[in-house]
Amino acid sequence: MKFTLKDYQTEAVADVLTNMHKAKKRWHEDGDTHAFSLTATTGAGKTVMAAAVFEALFYGEDDYDFEADPTATVIWFSDDPSLNEQTRFRLMEASDKLNYNDLVVVENSFSHESFESGKIYFLNTQKLSKNSLLVRGYDPDADEESGQGDLLAGARPDLRSHTIWEVIKNTIEDPNRTLYLVLDEAHRGMGASKSDAAKKSTIVKRLINGAGSVPAMPVVLGISATVERFIQAMSVVKARALLPNVEVDAIRVQNSGLLKDTIVLEIPDETGQFDTVLLRRGVDKLRLSTEAWSAYCESEGLKPVIPLMVLQVPNKPNTDDLGRALDTLFDNWPVLKSSNIAHVFGDKTNIKFGSHTVFHIKPERVQDETEIRILLAKDAISTGWDCPRAEVMVSFRPAKDKTHITQLLGRMVRTPLARRIPGNELLNTVDCLLPFYDKTNVKAVADALMHGGGNESEPTLTGRKVLINPLKLLPNPDIKPDVWTAFSNLPSQLLPQRAAKPVKRLTALAHELAQDSLETDAGKIAHAEMHKVLDAASIRFSSEIQAARKDVLTVEGVSLRASLGNKEISFDAFVEDADFAVIEDAYRRAARFISPDLSRTYADYLADKNDSAYSREDALLEAHTDIAALGLVSEVGEYLNKEADGLTVKWLTAHRVAIKNLNDERQDIYRQIREMSKEPQDVDVMPPRTWILPSTVLDSDGSETPLPVYNHHLMTDDNRGFPVELNQWEIKVLDKEMKRAGFEAWYRNPERASQDSLAIAYMDSEEHKLLRPDFVFFARKPDGDLVVDIVDPHGIHLSDALPKLRGLAEYAEKHEVFYRRIESISEVDGKLRLLDLTNGLVRQAVLKSDDARALFRSEYAEDYLG
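Within every chain, residues take consecutive numbers counted from 1 along the sequence as written. Where local features are concerned, this predicted model is filtered to residues with pLDDT of at least 70; where side-chain atom pairs are given and counted, the filter is 80 or more; whole-chain, interface and lining totals use all residues. No hydrogens and no water enter the side-chain calculation; it runs on all heavy atoms of the structure.

## Observations concerning the overall build of the chain
Step number 1: The number of helices and strands found in the chain is 26 helices and 38 strands.
Step number 2: Taking 866 residues into account, the globule formula puts the C-alpha radius of gyration at 29 Å, and the chain, at 31 Å, falls close to it.
Step number 3: In terms of principal-axis extent, the alpha carbons of the chain reach across some 100 × 80 × 55 Å.
Step number 4: Long-range contacts, defined as pairs at least 24 residues apart, comprise 73% of the intrachain contacts of the chain with a sequence gap of at least 6.
Step number 5: When the accessible surface of the chain is summed, it comes to about 39,000 Å², and 49% of that surface belongs to carbon and sulfur atoms.
Step number 6: Counted as positive: Lys and Arg. Counted as negative: Asp and Glu. His and the chain ends are not counted at all. The location of each charge is read from NZ of Lys, CZ of Arg, CG of Asp or CD of Glu. The chain carries 105 positive and 136 negative side-chain charges, and their two centres are separated by 3 Å. Strands are runs of DSSP state E lasting at least 2 residues, helices are runs of H or I lasting at least 4, and numbering of each runs from the N terminus. The reference for a compact globule is 2.2 Å times residues^0.38; the radius of gyration itself is calculated from the C-alpha atoms. Only heavy atoms enter the contact rule, under which two residues are in contact if any of them lie within 4.5 Å. Residue burial considers only the protein chains on display, and all accessible areas are found by Shrake-Rupley using a 1.4 Å probe.

## Concerning the side chain of Lys119
Step number 1: Here Lys119 lies in the loop between strand 3 (103-105) and strand 4 (120-124).
Step number 2: A 1.4 Å probe rolled over the protein chains alone gives each residue an accessible area, and that area as a share of the maximum for its type sets the label: buried under 20%, exposed over 50%, partly exposed in between. Criterion for a salt bridge: a side-chain nitrogen of Lys or Arg within 4 Å of a carboxyl oxygen of Asp or Glu. Within the buried core, Lys119 has no salt-bridge partner, and the shortest N-O distance to an opposite charge, that of Asp102, equals 4.4 Å.
Step number 3: Definition of a polar contact: a pair of N or O atoms within 3.5 Å, with one able to donate and the other able to accept a hydrogen when the atoms are protein atoms, and with sequence-neighbouring residues admitted only if both atoms are side-chain atoms. Polar contacts involving the side chain of Lys119 include one to the main-chain carbonyl oxygen of Asn101, which spans 3.1 Å.
Step number 4: Other than its neighbours up to four places away in sequence, Lys119 contacts Phe58, Ala72, Thr73, Val74, Asn101, Asp102 and Val104.

## A look at the sheet that holds strand 17 (residues 390-395)
Step number 1: Reading across from one edge, 14-15-13-16-12-17-18-11-19 is the order of the nine strands in this open sheet, with mixed pairing throughout. Edge positions in the sheet fall to strand 14 (351-353) and strand 19 (465-468), since each has one partner strand and no second. Ignoring strand direction, the axes of neighbouring strands in this sheet form an average angle of 25 degrees.
Step number 2: Here strand 17 runs beside strand 18 (residues 429-433); their pairing, made up of three bridges, is parallel. Opposite Val394, over in strand 18, you have Leu433 as the bridge partner.
Step number 3: Across the sheet, helix 9 (residues 275-300) is in contact with strand 11 (262-266), strand 12 (308-312), strand 16 (374-377), strand 17 and strand 18; its angle to strand 17 comes to roughly 180 degrees. A pair of strands is considered paired only if DSSP assigns at least 2 bridges between the two. Axis definition: a line fit to C-alpha positions, over the contact stretch in the case of helices; interaxial angles, taken between N-to-C directions, run 0 to 180 degrees.

## What to know about the environment of Val442
Step number 1: In this fold, Val442 is placed in helix 12 (residues 442-449).
Step number 2: Accessibility expressed as a relative area gives 0% for Val442, which makes it buried.
Step number 3: In the structure, Val442 is positioned 403 residues away from Ala845 in sequence and 50 Å away in space, judged by C-alpha atoms.

## Here's the deal with the sheet that holds strand 38 (residues 862-863)
The strands that make up a sheet are held in pairs by hydrogen bonds between backbone atoms, and each pair lies either parallel or antiparallel.
Step number 1: Sheet architecture is open: six strands sit in the order 31-34-35-36-37-38, paired in mixed fashion. Every other strand in the sheet has two partners, leaving strand 31 (743-748) and strand 38 as the edge strands with one partner each.
Step number 2: Sheet analysis places strand 35 (residues 786-793) next to strand 36 (residues 821-828), joined by five bridges and oriented parallel. Bridging from a neighbouring strand, Pro793 pairs with Ile825 of strand 36.

## A short note on the nonpolar core
Step number 1: Residues enter a nonpolar core if they are buried and are Ala, Val, Leu, Ile, Met, Phe, Trp, Tyr or Cys, with the set joined through side-chain atoms within 4.5 Å. Ranked by size, the top nonpolar core spans 75 residues in total, and within it Leu38, Met49, Phe54, Ile120, Leu265, Leu409 and Leu434 carry the most contacts.
Step number 2: Top contributing element to this core by residue count: helix 2 (residues 46-59), with ten residues.
Step number 3: Once you skip the residues sitting within four places of it in the chain, Phe54 turns out to touch Val74, Trp76, Leu91, Leu98, Ile120 and Val182.

## Topic: the pairing of strand 34 (residues 775-780)
In regular strands, side chains alternate between the two faces of the sheet.
Step number 1: Where burial is concerned, most of strand 34 is hidden: six out of the six residues are buried.
Step number 2: In strand 34, alternate side chains face the same way, and those of Phe775, Phe777 and Ala779 on one face and Val776, Phe778 and Arg780 on the other are all buried.
Step number 3: Note: strand 31 against strand 34, five bridges, orientation antiparallel. The partner of Phe743 across the bridge, within strand 34, is Ala779.
Step number 4: In this structure, strand 34 lies alongside strand 35, joined through six bridges in antiparallel fashion. Bridging across to strand 35, Phe777 finds its partner in Asp789.

## Thoughts on the pairing of strand 32 (residues 760-764)
Step number 1: By the criterion of burial, strand 32 is predominantly enclosed, with four of the five residues buried.
Step number 2: Where strand 32 meets strand 33 (residues 767-771), five bridges bridge the pair, whose relative direction is antiparallel. Note that in strand 33 the partner of Ala761 across the bridge is Leu770.
Step number 3: Where strand 32 folds back on strand 33, the antiparallel hairpin that results is connected by two residues, among which Ser765 adopts a positive phi of roughly 55 degrees.

## Comments concerning the environment of Lys736
Step number 1: In this structure, Lys736 sits in helix 23 (residues 728-738).
Step number 2: Judged by its relative accessible area of 24%, Lys736 is partly exposed.
Step number 3: Separated by 129 residues in the primary sequence, Lys736 and Leu865 place their C-alpha atoms 7.3 Å from one another.
Step number 4: Apart from residues no more than four positions distant in its own chain, Lys736 is found in contact with Tyr864 and Leu865.

## Overview of helix 23
Step number 1: Every buried residue belonging to helix 23 is among Glu730, Val733, Leu734 and Glu737, and all of these are buried. Taken down its axis, helix 23 places every buried residue within 95 degrees of arc, on the same side.
Step number 2: Here the buried face of helix 23 lies against strand 28 (709-710), strand 31, strand 34, strand 35 and strand 36.
Step number 3: For helix 23, the capping residue at the N-terminal end is Asn727, with a side-chain oxygen 3.1 Å from the backbone nitrogen of Trp729. Of all possible arcs, the one meant is that of the directions from the helix axis to the C-beta atoms.

## Examining unusual backbone geometry
Step number 1: Of note, the phi angle at Asn469 is positive, near 50 degrees, even though the residue is not glycine.
Step number 2: Structurally, Asn469 can be placed in the loop between strand 19 and strand 20 (471-475).
Step number 3: Look at Asn469 and you get partly exposed, because its relative accessible area is 24%.
Step number 4: With a phi close to 55 degrees, Ser517 is a non-glycine residue in the positive phi region.
Step number 5: Looking at where Ser517 falls in the secondary structure, it is placed in the loop between helix 14 (502-515) and helix 15 (522-540).
Step number 6: For Ser517, a relative accessible area of 65% gives the class exposed.

## Examining the packing of aromatic side chains
Step number 1: Working definition: rings of Phe, Tyr and Trp (its six-membered ring) pair if their centres are within 6.5 Å, and the pair is stacked with planes under 30 degrees apart, edge-to-face with planes over 60 apart, and tilted otherwise. Here the structure, examined in full by the defined rule, presents 19 aromatic pairs.
Step number 2: Between the aromatic rings of Trp691 and Tyr747, the centroid separation amounts to 5.6 Å while the plane-to-plane angle is 45 degrees, which identifies the pairing as tilted. Taken together, the residues Trp691 in strand 25 (residues 691-693) and Tyr747 in strand 31 connect sequence positions 56 residues apart. Across the pair, exposure class does not vary: Trp691 and Tyr747 are buried alike.
Step number 3: Ring geometry for Phe722 and Trp746: centres 5.6 Å apart, planes at 85 degrees, overall edge-to-face. Pair noted here: Phe722 is in strand 30 (residues 722-723) and Trp746 is in strand 31, with a separation of 24 residues, a long-range link.
Step number 4: Put simply, the rings of Trp484, Phe487, Trp691, Tyr710, Phe722, Trp746, Tyr747, Phe775 and Phe777 touch in pairs and so form one group of aromatic residues.
Step number 5: To sit over a ring, a charge needs its Lys NZ or Arg CZ within 6 Å of the ring centre and within 35 degrees of the ring normal. Geometry around Tyr639 places Arg540 over its ring, the cationic atom sitting 4.8 Å from the centre.

Okay, here's the thing in structure tokens:
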């Protein structure tokens, strides 16, 4: 893959491959058909996950312990040819193995007898309609009851030996093929009403379930953000078994940084015609976004991000009105040229608006055609369309068109660099200006946008903010430098990965350290150290390895002996020497266990030591035999992984400061390497640069209530204030802490998964999660030394109260040197009580307890307010 997959993508790919392997096995052994879905919110990278699945399916993938399927053939099916073309391009963009010839668009000239293995064939609904040249001449419904499809006499198109239905039939019936059907946007074509029951199946259902002589599809994978209708349709097919659906947690997608954290909605503050006013403001925002991205990319040494503004218009726009809107654009941004504006309307021709001619562009080309700065659109442009550089939208749609607005804006939430910009909410934000909305009806838009893709049928995205007319906050200039230094040294934590591989993590780290000139010849050093580890393992587990080596070199079996006279049957065991193919197969399996790259260099290392006793070929065979034996001893893997983790931690610790001095892109790579662990890993908090927060609360009647404003926060508005809505506990805590002697500053820890948020790992129901304590306080001791406190009010009525307490206790035990106090606060019997987790006795009590309420009532707790 050309892209590094996010952890949730890696896990989803592994689960999809597991299902595919099961489905293939059951199809060839028992003729059973199967279906399952891959469900992920809009923007989760479903096509990237599909590319990783296809790479493993066709070529095998050691990271998933998945061997290539030489029988695999894939049909990628959607209801839109342009969506297919966009998917085809994205697959090639994401994969370094899938090439142009592997991805075949089935055109009317297609004339093969069956689909080939190792290829993905793109089909759409139109190609299977009765009027299509690919179908003409074949009616799969000609005799449904007899199961015989008929060729219509004289109807077969010239020069075509098989219709597309016959191609599908031949492929399914070939014992050396496994046909996988992938339905893109799988919820489409699955609707079924009472009136539909008496009609023929839809094209999609016919493709899945078979019709006439065409068999049912062996394996069906539905990909979509919402697949309820697909699952329902699959469940009513009696002969088809359902495998576990692969569902991607929407929270993990938002936390990954692939989606923007904040959507800002701007509306007029008074009644009137404000379309040109907000259009001018939209241009100003686009210009500011361009400057911000230019400055950031230049400082980071990156290719510039060129922001785009989408101007959404009604389905039947008035050309004169649009002409005047374009006049406003050109007047407000004089450097704008005609070539900077394009449209994606259904009429795919150049259109005249007033004195301006606007050319048409295909939706899939918008992202890469960076000369386009303003895009005119009507609806959601096209299914599956997104444009990560689209930063601003101005919608001329009226309030009754809420769905059109939210679904288009929902396609504009991908981050341009496929990662969150640390501490800078301005660059993690998309702006939407709604001149025809007011405070009474904009809340419906905000509520819809809290769901993936702006579609209320998708899951709520915890961590996303939708703000109406917000404030921009910057670092408080009154905060002393040593406070910022202390803040940036606080240890935060990262969630571990389910499928972590320590040797892969070590070699990835070595590659990056060498690239940044932080560790010369890091790759060679890493392999040399692991060679020593494997040498030590060979001695430490010598008896187990010798037994395993014997197993590698021999093949055991049984022969059946049947007597024709007395009809008795007996089995005789036999043992034969393994040949080259058997040994190499065992070596390849061990290489997946140890790591292919390390196995290769260790084989060369062993062969070099044996060169004097064997020819090079024989020395390598001996080495492969040794490695195959190592792979059969589980203790070797555990020992190797432990030592690989040790060297990784050593290097990350040694180069921690140097890594912090790298640009954001390079730091993010090391952050991902830290995450490639089975245990939570420490990482420094990054200071915030720009925040965007609400200054008012919008009530249901459209009125606004100003938020309370507090001083001394690390981030402030122009008046040194920090607007925030706190609950009663939090108000009491803030008041108490600000009155303490030496108080200097405070930090409201963000709930979102950003790098400026302090996160602490805890275990809940055998799953690692992250808590984000509410407050961090900074104070001066009488001698001038700075101290840091964590204070976290949390309700003990919640089921996660005790797991979070344990997580805080474990964090405090490991990191108490950074803090004066780490206090968890809760209300018990009408009083706020605290547990100070920097106290060892309190930590022990927390780790042993099974009742959070009892802890706050015990002698280990004390009154918080005194």
